[in-house]
Amino acid sequence: RPNTQSLLHVVASDGVRAMMESALTARDRVGVQDFVLLENFTSEAAFIENLRKRFKENLIYTYIGSVLVSVNPYKDLEIYTKNHMERYRGVNFYEVSPHIYAVADNSYRSMRTERKDQCILISGESGAGKTEASKKILQYYAFTCPASEQVQTIKDRLLQSNPVLEAFGNAKTLRNDNSSRFGKYMDIQFDFKGAPVGGHIINYLLEKSRVVHQNHGERNFHIFYQLIEGGEEDLLRALGLERNPQQYQYLVKGNCPKVSSINDRSDWKMVRKALTVIGFNEDEVEELLNIIASVLHLGNVQYGGEEGNVCITSDTQIKYLARLLGVNGAVLTEALTHKKIIAKGEELMSPLNLEQASSARDALSKAVYGRTFTWLVNKINASLTYTDDSHKNYSVIGLLDIYGFEVFQHNSFEQFCINYCNEKLQQLFIELTLKSEQEEYEAEGITWEPEKFKGIISILDEECLRPGDASDLTFLEKLEDTVGGHAHFVTHKLADAKTRKVMGRDEFRLLHYAGEVNYNVNGFLDKNNDLLFRNLKEVMCMSENKILNQCFDREELSDKKRPETAATQFKASLAKLMEILMSKEPSYIRCIKPNDSKQAGRFDEVLIRHQVKYLGLMENLRVRRAGFAYRRRYEVFLQRYKSLCPDTWPNWQGKLADGVATLVKHLGYKPEEYKLGRSKIFIRFPKTLFATEELMICAQCFHHRHKFKPFLSFLFLSPIAIQAWWRGILARRRAQRRRQAADTIRRFIKGFIYRHRERCPENEYFLDYVRYSFLMKLHRNLPKNVLDKSWPTPPAALAEASEHLRKLCMQNMVWSYCKKISPEWKHQMEQKMIASELFKDKKDNYPQSVPKLFVSTRLNGEDINPKVVQALGSEKMKYAVPVTKYDRKGYKARPRQLLLTANSAVIIEETKLKQRIDYGALKGISVSSLSDGLFVLHVSSDDNKQKGDVVLQSDHVIETLTKIAICSDKINSININQGSITFTVGQGKEGIIDFTPGSELLVAKAKNGHLSVVSLLNLPHSQSDGFSKLKAEM
């Protein structure tokens, strides 16, 4: 059939030749996009050469059938945009070039159409790009899946779980700056609409030993450096941390505090944001960071003293630990220096030596961090839980991002577990791949030819616990006795002379599917037992930190059963993982690291050959090619190649199988080159397919060149006619716009000339424009708050309307402001309004009181004697303030307390009620107009209980008088006097207080017997500024 893309290539006279050459040489330049189509499929060199060709052209993805091989480019490629996601959405797996989006979309469509749970297994060594691959898959689902507001929240939490888990579970190693130091399996749950509605994460074997030790050139977990580098100063101060990782013993062993490719400060901000999105509240974040800081402080705990009598020499660290962990410091100190032993039902405390104490400290650090990491995963799972009960049945796509095969210079217990895991996964991979091949052939009625491949080697699955005086060396000896005869197990004792030269006496060697690995047994038993002393557990169980309370269950203390070893737990969890994976339809992504130096464009053939070997890629290819290299449904094959046979062109009317049989017979296929199934054709050799494809391209090119020559002439002339027509339309539009512009200018000028006349046809356009302009200007410049009195000047015709609008706007702002006022602020404003009515422009120190909030008391609870409270009985205290009382005779100053209740004002001297003034007996209140704090309470002479008026001084005189006026309902009885105040001393005698301004405050008895008060001169002060400050404080 005519192909539009082909037509574009044959416009030029030599276009046919150019297109043919391009098609025939493309494979030489970029290789094949499916390794199954390699002619020399058994050659490892051909396999790696195909990888190299594609890698050099930035084609990092290649298929082995349905398995995706991904090579880490160590640079950003523009192949993960939204346009690329759209390109792969809903498209057949082989219709587009290989991509991780194709695998993700294929799994999603299989889940939707077949209603079968799927899983995507991502494997490869550290630094090969496994974590990035899982991120790309999550991003693809987040973009392409249906979404609602609730679904969007789940999408956000799924995406934001990555930076949190990376911060707490990833670290810089020699091979990878962001190496996952734990295994992760994530289930993404989809509802019947195909929308992601939940998720669940299972973590495996966190490398806890990294908390206390790192090899040279490596770092601890990212979160420690992020906290120190990005944490706010107040936060670090509260945690007792310094902004220098070199100050902490757990961070200096790798001697690598900073990494050029890692920005700890920006990562910290990302983690804090992610914690909020996932649903952590501030208290949980605070307690989580307390734990992280406590681990650093634990590392700085130093021991001293004599052997057998160890003591802690760093008291500061214990104080921080007690506060951060929420435990008793003395109890923690004892637990870090002693071991609790239970013998014959009695508990004994045995002191630790220096080495044992250091090990106990490190064990506590690892336990606290490890259990907190598990709590963190559970917390994330809680936020991802699918809560809609109306649709309990959901489909699942699982993502397995787990550590790859590891071979280091020094391999210990962690590498032993990691490689055991990889053995199991490789066994599963081969088993499922072989099973899927057999099932497809059986479904199509094709005879399967079994492929003989190397079996997966069983590895050591034995507990490291030994009774009696067990040690790492006795463990090694038992291995020699038990499995020493196995062909894939070697120790120094069992090896030949050549092998002994490269093996230590404390090492054993296992031959894995990926190659030989030497394991050093030192530390195997301790790491496998992973024991924490009982008294340390008891301390953690008493923690006030809510997270640690959940991490350390008190039931552990009463459980007499010995806890399972780390290897046994890991083996059991791995067995459950295998069950999960076996229950799902698998897809595979095999990640390859091109070089150890993390350089873009560098292709290390030796390193890649090693990975191709241990990933079993050649084995997978041989399994796939044991049958047929190419398979397509009949309708797809016939649609593509029907033009090569006269009997099938342009349309085949009979059965599809008969049409394909006719087509391949015409093409000259030999019987051994193909098989016809029930719905597919299977082609054994790639060269058969390539020959057919090249024949197709040549036939199309020559056919198009002769048949479509008139059509090409038409294509050449058509754009000229279309351009001429379009230019005419554009020219007519421009002319119309010019005419309209001239009419508008003409009407505007005439309107301006007639602007002062009554509305008429000549000026109506201009007047409407002026009104519109004013209203738009008003819209852009409306007052922002009730204190903003600005208002645009209106034109004469809109003066009245403008005034109405101004009043409505002000009413609306006042209404909005009042609606937002809280009851507390309303009460505050009412008091301030009364104070303003009483003292504004009347008393000099009133402006200073405006920005200060009125409070319900100026005395603390402990300032008021309990006897006074008892004496008041049921009377509720409305206000309390310290005052100075001046005697009526001699004016001696005495400290007192003034309490206001609902019925009276009470003057207190320490524990005594010196004077009670009922509000009914209060005739008035006098105060000066100056800035002093003196005031006089005038009492009725008819009240026999009162000896005369009361002279008091308060540092908060405006507040105090306002409170008295409100409580006594004497707002109109406050007198502000100029110069002097006359008051009753008692028995008909009167006293006088004289007020004068001065440079300093002075209260003393004058020679004339009056009380003389010198008030400070008041500086100018803006009351509006005070109101602004008051509003800001509220």
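Residues numbered from 1 in each chain as written. Predicted model: local features only at pLDDT ≥ 70, side-chain atom pairs only at ≥ 80, totals over all residues. Heavy atoms only, no water.

Caption draft 1: Looking closely at the overall build of the protein. When helices and strands are tallied, the protein shows 36 helices and 31 strands. Within the protein, the proportion of its 1034 residues that are buried is 48%. Across the protein, contacts joining residues at least 24 apart in sequence account for 64% of those joining residues at least 6 apart. When the accessible area of the protein is evaluated, it comes to approximately 53,200 Å², of which 51% is carbon and sulfur surface. (Helix = DSSP H or I, 4+ residues; strand = E, 2+ residues; numbered from the N terminus. Buried < 20%, exposed > 50% of the residue type's maximum accessible area, 1.4 Å probe, protein only. Contact = heavy atoms within 4.5 Å. Areas by Shrake-Rupley, 256 points an atom, 1.4 Å probe, with all protein chains shown as cover.)

Caption draft 2: Inspection of the sheet that holds strand β29 (residues 989-998) at higher detail. Here 4 strands make up an open sheet; going across it, the order is β28-β29-β31-β30 and the pairing mixed. Two strands close off the open sheet at either side, each with one partner strand: β28 (980-986) and β30 (1002-1005). Averaged over all pairs of adjacent strands, the angle between strand axes in this sheet comes to 20°, irrespective of strand direction. Across 4 bridges, β30 lies against strand β31 (residues 1011-1016) in antiparallel orientation. Paired with Ala1004 across the strands is Ser1012, a residue of β31. (Pairing = 2+ DSSP bridges. Axes fitted to C-alpha atoms, helices over the stretch in contact; angles between N-to-C directions.)

Caption draft 3: Seen up close, the pattern of salt bridges. On inspection of all chains with the given rule, the structure shows 31 salt bridges. Two residues, Glu86 and Arg89, come together in a salt bridge whose shortest N-O distance is 2.6 Å. Residue Glu86 is classed as partly exposed on the basis of its relative accessible area of 39%. On the basis of relative accessible area, Arg89 is assigned to the partly exposed category, the value being 34%. Between Arg609 and Glu605 there is a salt bridge; the shortest N-O distance is 2.8 Å. (Salt bridge = Lys/Arg side-chain N within 4 Å of Asp/Glu carboxyl O.)

Caption draft 4: A look at a nonpolar patch on the surface. On the surface, Ile722, Trp725, Trp726 and Leu730 cluster together into a nonpolar patch covering about 440 Å² of accessible area. When you line up the elements, Leu730 lands in helix α29 (residues 709-753). (Patch = residues over 30% accessible without salt bridge, like charges linked within 9 Å, V, L, I, M, F, W, Y side chains within 5 Å.)

Caption draft 5: Region of interest: the UniProt feature "binding site: ATP" (unreviewed entry) in the protein. With numbering aligned to this structure, UniProt lists the feature "binding site: ATP" (unreviewed entry) at Gly124, Glu125, Ser126, Gly127, Ala128, Gly129, Lys130 and Thr131. Within the secondary structure, Gly124 is located in the loop between β3 (118-123) and α6 (130-144). With sequence-adjacent residues up to four places away left out, Gly124 is seen in contact with Lys130, Tyr403, Gly404, Phe405, Cys591, Tyr614 and Leu615. For Thr131, the position within the fold is in helix α6. A relative accessible area of 11% means that Thr131 is categorised as buried. (UniProt positions renumbered as here; feature names shortened; annotations may be inferred.)

Caption draft 6: A look at the environment of Lys642. Tracing the backbone shows Lys642 in the loop between α26 (634-641) and α27 (656-667). Lys642 sits 18 residues away from Val660 along the chain, and the two C-alpha atoms are 8.6 Å apart.

Caption draft 7: Examining helix α15 (residues 354-384) more closely. When the terminal C-alpha atoms of α15 are compared, their 45 Å separation across 31 residues agrees well with the 45 Å that a helix rising 1.5 Å per residue should span. For α15, the N-terminal capping position is held by Asn353, with its side-chain oxygen 3.2 Å away from the main-chain nitrogen of Glu355. (Expected span 1.5 Å × (residues − 1). Polar contact = N/O pair within 3.5 Å; in protein donor to acceptor, adjacent residues only side chain to side chain.)

Caption draft 8: Examining the packing of aromatic side chains more closely. By the definition in use, this model includes 22 aromatic pairs. Seen from their ring centres, Phe221 and Tyr369 are 5.0 Å apart, and the 15° between their planes marks the pair as stacked. Placement of Phe221 in the loop between β7 (196-204) and α8 (222-230) and of Tyr369 in helix α15 is noted, with a sequence separation of 148 residues between them. Through a chain of ring-to-ring contacts, the aromatic side chains of Tyr80, Tyr88, Tyr101, Tyr108, Tyr140, Tyr141 and Phe190 assemble into a single cluster. Directly above the ring of Phe752 sits Arg755, whose terminal nitrogen or CZ lies 3.9 Å from the centroid. (Phe/Tyr/Trp six-rings, centres within 6.5 Å; stacked < 30°, edge-to-face > 60°. Lys NZ or Arg CZ within 6 Å of the ring centre and 35° of its normal.)

Caption draft 9: Highlighting helix α24 (residues 605-614). Every buried residue of α24 is accounted for by Leu607, Ile608, Gln611, Val612 and Tyr614. The N-terminus of α24 is capped by Asp604, whose side-chain oxygen sits 3.2 Å from the backbone nitrogen of Val606. In the segment just after α24, Gly616 is the residue with positive phi, at about 70°.

Caption draft 10: Here's a closer look at the packing of helix α14 (residues 329-337) against helix α20 (residues 534-541). At a closest axis distance of 8 Å, the pairing of α14 and α20 adopts a crossing angle of 160°. The orientation of α14 with respect to α20, classified from their angle, is roughly antiparallel. As for how α14 packs across α20, the hand of that crossing is left-handed. Together, Val331, Leu332, Glu334, Ala335 and Leu336 of α14 and Asn535, Leu536 and Val539 of α20 make up the contact between the two elements. (Parallel < 35°, antiparallel > 145°, perpendicular 65-115°, else oblique. Left-handed = near helix turned anticlockwise from the far one by under 90°.)

Caption draft 11: Examining the sheet that holds strand β21 (residues 893-900) more closely. With mixed pairing, 8 strands are arranged side by side in an open sheet as β23-β22-β21-β20-β26-β25-β24-β27. Here the strands that pair on one side only, and so sit at the sheet edges, are β23 (912-918) and β27 (974-977). Strand after strand, the sheet turns through a mean of 30° between neighbouring axes, direction not considered. Here strand β20 (residues 879-886) pairs with β21 via 8 bridges, running antiparallel. Paired with Val881 across the strands is Leu898, a residue of β21.

Caption draft 12: Up close: a positive patch on the surface. Together, Arg733, Arg734, Arg737, Arg738 and Arg739 make up a positively charged patch on the protein surface. Secondary-structure assignment places Arg734 in helix α29. (Lys, Arg positive; Asp, Glu negative; His and termini not counted. Charge placed at Lys NZ, Arg CZ, Asp CG, Glu CD.)

Caption draft 13: Broad picture of the packing of helix α5 (residues 100-114) against α6. Axis separation between α5 and α6 bottoms out at 10 Å; the angle between their running directions is 55°. By the angle class used here, α5 and α6 are oblique. As for the relative orientation of α5 and α6, their crossing is right-handed in sense. Contacts from Ile100, Tyr101, Ala104, Asp105, Ser107 and Tyr108 in α5 reach Ala133, Lys136, Ile137, Tyr140 and Tyr141 in α6. Of the residues belonging to the contact of α5 with α6, the class tally is 8 nonpolar, 1 polar and 2 charged. (Nonpolar A, V, L, I, M, F, W, Y, C, P; charged D, E, K, R; others polar.)

Caption draft 14: The arrangement of the side chain of Asp932 in detail. Inspection of the secondary structure puts Asp932 in the loop between β24 (922-928) and β25 (934-939). Here Ser1015 takes part through its side chain, which lies 3.0 Å from a polar atom of the side chain of Asp932. Setting aside residues up to four positions removed in sequence, Asp932 forms contacts with Lys843, Asn845, Val957, Phe995, Leu1001, Val1013 and Ser1015.

Caption draft 15: Layout of the pairing of strand β15 (residues 515-520). When you tally the buried positions in β15, you get 5 out of 6 residues, the bulk of the element. Note that strand β14 (residues 507-512) and β15 share 6 bridges and pair antiparallel. What sits directly across from Arg509, in β15, is Asn518.

Caption draft 16: Structural detail: the nonpolar core. Of all hydrophobic cores here, the largest spans 110 residues; its most connected members are Tyr141, Phe168 and Phe224. The element contributing the most residues to this core is α15, with 13 residues. Apart from residues lying up to four places away in sequence, Tyr141 is in contact with Ala104, Ser107, Tyr108, Ile120, Lys155, Ile188, Phe190 and Ile397. If you look at the next biggest cluster of nonpolar residues, it comprises 58 residues, including Ile402, Phe524, Tyr588 and Tyr614. (Core = buried A, V, L, I, M, F, W, Y, C linked by side-chain atoms within 4.5 Å.)

Caption draft 17: A look at the side chain of Arg181. One can find Arg181 in the loop between β5 (179-180) and β6 (183-190). Side chain to side chain, Arg181 and Glu207 meet in a polar contact 2.7 Å long. Once residues lying within four places of it in the same chain are set aside, the contact partners of Arg181 are Gly169, Asn170, Ala171, Thr173, Leu205, Leu206, Glu207, Arg210, Phe221, Glu406 and Ile418.

Caption draft 18: Seen up close, unusual backbone geometry. Phi angles above zero are rare outside glycine, and Asp841 is one such case at about 65°. Considering the arrangement of structural elements, one finds Asp841 in the loop between α32 (823-839) and α33 (846-849). Its relative accessible area of 70% is what places Asp841 among the exposed residues. Despite not being glycine, Glu910 has its phi angle at roughly 55°, a positive value. For Glu910, the location among the structural elements is in the loop between β22 (904-909) and β23. Looking at Glu910, the relative accessible area reads 68%, which means it is exposed.

Caption draft 19: Spotlight on the environment of Leu236. As for its placement among the helices and strands, Leu236 is situated in helix α9 (residues 233-239). Considered as a pair, Leu236 and Ala293 are 57 residues apart in the sequence and their alpha carbons are 9.0 Å apart. When neighbours within four sequence positions are excluded, Leu236 is seen to be in contact with Leu227, Ile228, Gly231, Leu241 and Arg243.

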